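What the coordinates show
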Amino acid sequence: DSLVVLCIAQGLEAEAEEAMRETARVQPGHWVHSGLSWNDLTPGMIAAFVEGSREVLGRAPMLALERHLVSLAQLELRLGRLDDAEAHLERAMHEPADDLRRAEQAFHLGLVREAKADFEGAREAFDRASGEPVFRASVAYRRGRIAEAEGRAREALDLFQAALRLEPRNVFLALECGRVARGLGEWKVAEEALNWAIVVAPSDVRPRADLVRTLLAAGERHRAAGVVEAMRKVWGRTPEVVALEGDLSRAGPAR
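So, a few notes on the structure that sits alongside this text. Every value quoted in this text rests on a predicted model; they were computed, and no experiment measured them.

**Observations concerning the environment of phenylalanine 172**
- Within the secondary structure, phenylalanine 172 is located in helix α10 (residues 171-183).
- You can call phenylalanine 172 partly exposed: its relative accessible area is 39%.
- Note: C-alpha distance between phenylalanine 172 and alanine 225 (53 residues apart in sequence) is 24 Å.

**Re the environment of phenylalanine 126**
- One can find phenylalanine 126 in helix α7 (residues 119-129).
- You can call phenylalanine 126 buried: its relative accessible area is 0%.
- Residues phenylalanine 126 and histidine 108, spaced 18 residues apart in sequence, show a C-alpha to C-alpha distance of 8.6 Å.
- Once residues lying within four places of it in the same chain are set aside, the contact partners of phenylalanine 126 are Phe107, Gly110, Leu111, Glu114, Val139, Arg142, Arg143 and Ile146.

**A look at the side chain of glutamate 76**
- Its place among the elements puts glutamate 76 in helix α4 (residues 65-79).
- Leaving out residues up to four positions away in the same chain, glutamate 76 has contacts with Val50, Arg54, Arg81, Asp84, Ala85 and His88.

Cut-offs and rules
- Positions within a chain are numbered from 1, following the residues in the order the chain's sequence is written.
- Only residues with pLDDT of at least 70 are given local features in this predicted model, and only at 80 or more are side-chain atom pairs given and counted; all residues enter the totals for whole chains, interfaces and linings.
- In computing side-chain properties, one takes all heavy atoms of the structure into account and sets aside hydrogens as well as water.
- Here a helix means four or more residues in a row that DSSP labels H or I, a strand means two or more in a row labelled E, and each is numbered from the N terminus.
- When a residue's accessible area, from a 1.4 Å probe over protein chains only, is under 20% of the maximum for its type it is buried; when over 50% it is exposed; and in between it is partly exposed.
- We call two residues in contact when some of their heavy atoms are within 4.5 Å.

Any functional reading would require information that these geometric values do not contain.
So, in structure tokens, the structure goes:
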């Protein structure tokens, strides 16, 4: 892992990819590699890890085959190789595993099928994953995303709210509730979700910015201006604040 990071820092792309293949051969479980920042790696680097991991599939004594397949599926999903990811997960489901790992397999299978727009298959997989409490909030959110994609925004909002009740300190879920409620014109619901996010994460600019957008959409320009002024006092005229000032200037008369 250290060699991968060093080669990337030196701009040695080919050498970095070969080091990535080797580190995958040694330990194919990508989550074990804490020295690698998976969200920052290029698709080419991730593909190199997958290549090395595939080479030792079924021949990695320190990693159960079921875990190996789930790791591969997660990386294939990142790369957009949805058929491969689905095949790995379906194979993993035939390997010995406890209930929690079965739920994890099902959850990732749901993500893959959602990405393939196989919404019925995704719902079926998410239903299986929801048998374990640790996945229930994520399942509610993903089912909400599917409902929204199918044009059922009211149902999506209900599901996002259910997810937020399960994880009340999850700012992202509160923002999603606010976004969908705003789209439905349910201003009070949107405000409540965003005000809650402000309480949970007072240093996060996003809930206040979305509150301004919600108030403007509701025609509450005067209140929106008050929120922008409060933001200006705390953060100054950041690019976000300047953009919101522009939104204010284009809004209709205050009321």
